[in-house]
Amino acid sequence: MSKGKVDVLLGLQWGDEGKGKVVDVLTPEYDVIARFQGGPNAGHTLEFNGEKYVLRSIPSGIFQGGKVNVIGNGVVLAPDLFMAEAQELERSGHDLKSRLYISRKAHLIMPTHRLLDAAYESAKGASKVGTTGKGIGPAYTDKVSRNGLRVGDIFDGFEEKYTQHKTQHEAILRSLNYTHYDLSQTEQAWMKGVNYLRGFNIVDSEHELNHLLQNGKSILCEGAQGTMLDVDFGSYPFVTSSNTITAGACSGLGIGPNKIGNVYGIMKAYCTRVGSGPFPTELFDKTGKQLRDLGHEYGAVTGRERRCGWIDLVALRYAIMINGVTHLIMMKSDVLDGFSTIKACIAYQRDGKILDDFPYDIEHNIQPVYKELPGWQTDMTGLTSEDQFPAAFKAYIDFLEEELKTPIKIVSIGPDRKQTIVRKG
Ligand code: GDP
Ligand code: IMO
Ligand code: MG
């Protein structure tokens, strides 16, 4: 934690790096946890005391008592899904209303945004993005084109505004020949969600956060998705529709760039991706399947199989640069426990030439150059201190730190809160 500053924790790969788990682990060090972008496309998994929770829009600081959790202006919120998520937490005894603040400026995902998401995907044919179908792209499109509905709108003449927006969406759906849908049930659940949302602390979160900061409180910003899914710097067009990078924390919460302190970049000890798009180190062989099986690589929200491959240091160097990462966090190290050798992509080659920088296009004609390292072939899931790390794992860490020029501060060796090793120094 850096005093008087706001720390940021975000994914460096294609999402699902384990952000939820680590935010939960770090929460005791902070007073406030704030989500700054994305929406229910996220699925952040937390495991403790034998229980497992998947959070989508609610920040992962909600389980460590007494902390303020904020859903920032950069988030897109689906009231029906939010209600389902919040009620499940309430049922399991976690009081939300007193410690969750929601920005008045966060945009709403309407039922018709989800239909538009499906319609745009089907219009794309073979070049589908493979979205989560949660209406993320259309909701952000409406925000940027100044057609959006915000949380702050739900208090005043809302039905009329809603109908007006829905009518516009239906015209677009007709133009896309997407006409076979029945909105009645989802719309009812959505309106219930809107009503439920009215009972929460709806605030100008940029003011709240800056006041908290001035009063000496510490803030951790929680990213969703990952840098390679960033709308500007990710593998466009196979990306999400928000800025998932550190700069997104500034715009998604109203925090000045000079207030940013530590930037924690999370990566897996290997790499995964869900949905379409390029993935230079993807493995289509039995090693890829082994990674998927050992790492239980299936989407937390959609249940889709995640594509698996070796760690990509070229993409990681790029992500570290774009985000100004100060510390790395390496997740799922235990998944590699049984491998006799491990590979890491240290460079990209195109037409026999090594590329100096991460290229504009990673979709065509990229050959990863691998370095092979010995595996540790030791079960690490029960380790409690870095002194117990097997020598080959220590060597893997040293190699990554040297290649990435950034210290690895935390190592995760299992899904449980307790299976986390914070390194010295
Ligand atoms: P997020 O979206 O970045 O929060 O990550 P997800 O929750 O979508 O995916 C991470 C998955 O890996 C979840 O199922 C976690 O429970 C699990 N996980 C997190 N850290 C570890 C780890 O160190 N080892 C193993 N085996 N699983 C982990
Ligand atoms: P967390 O926060 C992994 C992917 C989708 C698709 C692309 C666009 O759990 O890491 P969208 O629905 O956002 O328009 O889909 O982005 N995607 C994710 N992949 N983890 C996520 O979130 C993701 N959120 C979106 O699979 O390829
Ligand atoms: Mg996830």
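The structure under discussion appears in the preceding block.
Reference entry: report on the structure contained in this document. (Residues numbered from 1 in each chain as written. Chains lettered and ligands numbered in written order. Predicted model: local features only at pLDDT ≥ 70, side-chain atom pairs only at ≥ 80, totals over all residues. Heavy atoms only, no water.)

Our focus in this paragraph is the overall build of the protein. When helices and strands are counted, the protein shows 11 helices and 20 strands. Relative to a compact globule of 425 residues, whose C-alpha radius of gyration would be 22 Å, the protein shows 21 Å and is just as compact. Overall size of the protein, expressed as C-alpha extent along the three principal axes, is 65 × 50 × 40 Å. The buried share of the protein, taken over its 425 residues, is 56%. For the protein, the proportion of contacts with a sequence separation of at least 24, taken over those separated by at least 6, is 76%. Where the 48 positive side-chain charges of the protein centre and where its 51 negative ones centre are 1 Å apart. (Helix = DSSP H or I, 4+ residues; strand = E, 2+ residues; numbered from the N terminus. Rg over C-alpha atoms; globule rule 2.2 N^0.38 Å. Buried < 20%, exposed > 50% of the residue type's maximum accessible area, 1.4 Å probe, protein only. Contact = heavy atoms within 4.5 Å. Lys, Arg positive; Asp, Glu negative; His and termini not counted. Charge placed at Lys NZ, Arg CZ, Asp CG, Glu CD.)

On to the coordination of the magnesium ion (ligand 3), then. Protein ligation of the magnesium ion (ligand 3) involves Asp 16 (OD) and Gly 43 (O), the donor distances falling in the range 2.0 to 2.2 Å. Here Gly 43 lies in the loop between strand 2 (32-35) and strand 3 (44-48) and Asp 16 lies in the loop between strand 1 (6-11) and helix 1 (19-26), a separation of 27 residues in the sequence. Taking relative accessible area as the criterion, Gly 43 reaches 12% and is therefore assigned buried. (Donors = N, O, S within 2.8 Å, 3.2 Å for Na, K, Ca; no water.)

Here we take up the side chain of Lys 67. Secondary-structure assignment places Lys 67 in the loop between strand 4 (51-55) and strand 5 (68-71). Of the side chains with opposite charge, Asp 31 lies nearest to the buried Lys 67, which makes no salt bridge, at 5.0 Å. Of the polar contacts made by the side chain of Lys 67, one reaches the backbone oxygen of Tyr 30; its length is 2.7 Å. For Lys 67, the residues in contact, after removing those within four places along its chain, are Thr 27, Pro 28, Tyr 30, Asp 31, Gly 61 and Arg 99. (Salt bridge = Lys/Arg side-chain N within 4 Å of Asp/Glu carboxyl O. Polar contact = N/O pair within 3.5 Å; in protein donor to acceptor, adjacent residues only side chain to side chain.)

Close contacts around ligand 2 come from 21 residues, with Asp 16, Lys 19, His 44, Thr 132 and Thr 240 the closest. Within the side chain of Asn 41, a nitrogen or oxygen atom sits 2.9 Å from an oxygen atom of ligand 2. In the environment of ligand 2, an oxygen atom lies 2.7 Å from a nitrogen or oxygen atom belonging to the side chain of His 44. Relative to its unbound accessible surface of 550 Å², ligand 2 loses 98% to contact with the protein. Of the residues assigned to the shell around ligand 2, the class counts are 8 nonpolar, 10 polar and 3 charged. (Near = heavy atom within 4 Å. Areas by Shrake-Rupley, 256 points an atom, 1.4 Å probe, with all protein chains shown as cover. Nonpolar A, V, L, I, M, F, W, Y, C, P; charged D, E, K, R; others polar.)

This next bit is on helix 3 (residues 111-124). Working note: α-helix, 3.6 residues per turn, so residues spaced by three or four point in the same direction. For helix 3, built from 14 residues, the straight-helix expectation of 20 Å at 1.5 Å per residue is met to within 8% by its first-to-last C-alpha distance of 21 Å. All of the buried residues along helix 3 are Pro 111, Thr 112, His 113, Arg 114, Leu 115, Leu 116, Asp 117, Ala 119 and Glu 121. Along its buried surface, helix 3 packs onto helix 2 (79-91), strand 8 (107-108), helix 4 (136-144), helix 5 (158-175) and helix 6 (184-197). (Expected span 1.5 Å × (residues − 1).)

Attention now moves to the side chain of Gln 13. Relative to the elements of secondary structure, Gln 13 occurs in the loop between strand 1 and helix 1. Within the local environment of Gln 13, its side chain forms a polar contact with the backbone nitrogen of Lys 268, the two atoms lying 2.8 Å apart.

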